[in-house]
Amino acid sequence: MALTHETIELSGFGVLTGRPKEVGDRLDRLTAELVIAVTVEHGSEPAVRGLADTLVSIAPLVRTILMSRQREAISTIIDALVPDVLPPQHVLIQARMAAEARREVLESGGWLTAPQVATMAGFSTSNPRAQPNKWKKQGRIFAIRHRGVDYFPGYALDIAAGYRPTKPLVKVLSVFRGKKDAWGLAYWFASINSFLGGKRPQDVLASDPERVLSAAVDELARAPHG
């Protein structure tokens with residue numbers, strides 16, 4: 001088998017093909033710093049040349065990949081050595097206060113999931129969320145979202161009307177529409193209100209709805225503007 005003896009060079013990589021002694025003689029004349037030897041026990045000249053061309057073509061890619069991995073490794077080491085950036089102290093305080101407020105609201109009692117509301121109201125269990133969600137879209141009730149689940153306030157349901165939303169709630173929600181989100185509404189209903197003589201709006205909504213409505217109007221009147 002008469003192999004050629006050219007050196008194929010590309011991007012600093014070269015390949016020598018030929019008989020062991022022929023290649024060895026030519027290696028002695030090279031100035032390369034490193035050499036990789038690949039031996040072929042059996043093969044034709046085209047196969048050897050094809051292997052040589054393949055090695056030359058992928059060699060730069062291997063170097064690029066190795067350099068990329070090295071940069072990624074260095075970046076990982078830097079990230080591990082640099083401490084995490086903590087939010088400012090006032091942000092942590094605000095987050096802690098918000099979390100505490102939400103906990104108090106959830107513990108204030110009477111929060112029901114849509115399926116629970118549907119069961120109490122005697123709706124079909126095939127799609128229990130349909131009617132409570134419809135009420136919410138109509139502005140007849142509101143719901144807070146906690147860990148991916150909507151919770152409806154039990155104090156907003158009229159037992160005498162078959163656990164439908166109490167009518168006075170609609171007027172209160174209309175007052176706060178666009179001013180308070182669901183959690184803001186929940187905070188207000190669960191908070192001590194001076195206008196109501198130190199009572200919570202949710203506790204007197206059923207017994208004195210007009211005063212609760214007046215308290216909502218007063219809340220917006222006293223809210224800072226601008």
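For the structure itself, look to the data block above.
The notes below deal with the structure included here. (Residues numbered from 1 in each chain as written. Predicted model: local features only at pLDDT ≥ 70, side-chain atom pairs only at ≥ 80, totals over all residues. Heavy atoms only, no water.)

In this structure, Phe-142, Val-172, Trp-188, Phe-189 and Val-212 are the most contacted members of the largest nonpolar core, which totals 32 residues. Of all the secondary-structure elements, those providing two or more residues to this core are β3 (111–113), α4 (114–121), α6 (167–176), α7 (182–190) and α9 (209–222). Top contributing element to this core by residue count: α7, with six residues. Leaving out residues up to four positions away in the same chain, Phe-189 has contacts with Phe-142, Tyr-155, Leu-169, Val-172, Arg-200, Pro-201, Gln-202, Leu-205 and Val-212. (Core = buried A, V, L, I, M, F, W, Y, C linked by side-chain atoms within 4.5 Å. Buried < 20%, exposed > 50% of the residue type's maximum accessible area, 1.4 Å probe, protein only. Helix = DSSP H or I, 4+ residues; strand = E, 2+ residues; numbered from the N terminus. Contact = heavy atoms within 4.5 Å.)

Tallied over the full model, the rule gives eight aromatic pairs. Consider the rings of Phe-123 and Trp-135, whose centres lie 5.6 Å apart with planes at 65 degrees: the pair is edge-to-face. Of this pair, Phe-123 sits in the loop between α4 and α5 (130–138) while Trp-135 sits in helix α5, and the two are twelve residues apart along the sequence. On the basis of relative accessible area, Phe-123 is assigned to the partly exposed category, the value being 22%. Ring centres of Trp-188 and Phe-189 lie 5.1 Å apart, and the angle between their planes is 80 degrees; on these two criteria the pair is classed as edge-to-face. The lysine or arginine in question, Lys-180, covers the ring of Phe-176, its NZ or CZ lying 5.4 Å from the ring centre. (Phe/Tyr/Trp six-rings, centres within 6.5 Å; stacked < 30°, edge-to-face > 60°. Lys NZ or Arg CZ within 6 Å of the ring centre and 35° of its normal.)

Along its 37 residues, helix α2 (residues 45–81) runs 54 Å from first to last C-alpha, staying within 8% of the 54 Å computed at 1.5 Å per residue. A bend of about 30 degrees at Ile-58 is the largest found in α2, and the proline Pro-60 appears one to four places after it. Within α2 the residues assigned to the buried category are Val-48, Arg-49, Ala-52, Val-56, Ala-59 and Pro-60. (Expected span 1.5 Å × (residues − 1). Bend = angle between axes of the 7 residues up to and from the residue.)

Moving on, we come to unusual backbone geometry. A positive phi angle is found at Arg-147, which is not glycine, with a value near 55 degrees. Tracing the backbone through its elements, the reader meets Arg-147 in the loop between β4 (144–146) and β5 (149–153).

Turning our attention to the layout of surface pockets. Computed from the structure, the second largest pocket encloses a volume of approximately 150 Å³. The wall of the second largest pocket is formed by Lys-180, Gly-184, Tyr-187, Trp-188, Ser-191, Ile-192, Asn-193, Ser-194, Glu-219 and Arg-222. The element that contributes the greatest number of residues to the lining of the second largest pocket is α7, accounting for three residues. For the lining of the second largest pocket, a count of residues per class yields three nonpolar, four polar and three charged. (1 Å grid on protein atoms, 1.4 Å probe; cavity = no way out; pocket = protein on both sides within 12 Å on 5 of 7 lines; lining within 4 Å. Points joined across faces, edges and corners; volume = space filled by probe spheres on them. Nonpolar A, V, L, I, M, F, W, Y, C, P; charged D, E, K, R; others polar.)

To continue, consider the pattern of salt bridges. Counting across every chain of the model gives nine salt bridges. Ionic pairing is found between Arg-103 and Glu-100, a salt bridge with its closest N-O pair at 2.3 Å. Pair noted here: Arg-103 and Glu-100 are both in helix α3 (residues 89–107), with a separation of three residues, about one helical turn. Here Asp-150 makes a salt bridge to Arg-145, at a shortest N to O gap of 2.9 Å. Of the residues examined, Arg-145 reaches a relative accessible area of 48% and is grouped as partly exposed. A network of salt bridges, in which partner residues are shared, links Lys-180, Asp-218, Glu-219 and Arg-222. (Salt bridge = Lys/Arg side-chain N within 4 Å of Asp/Glu carboxyl O.)

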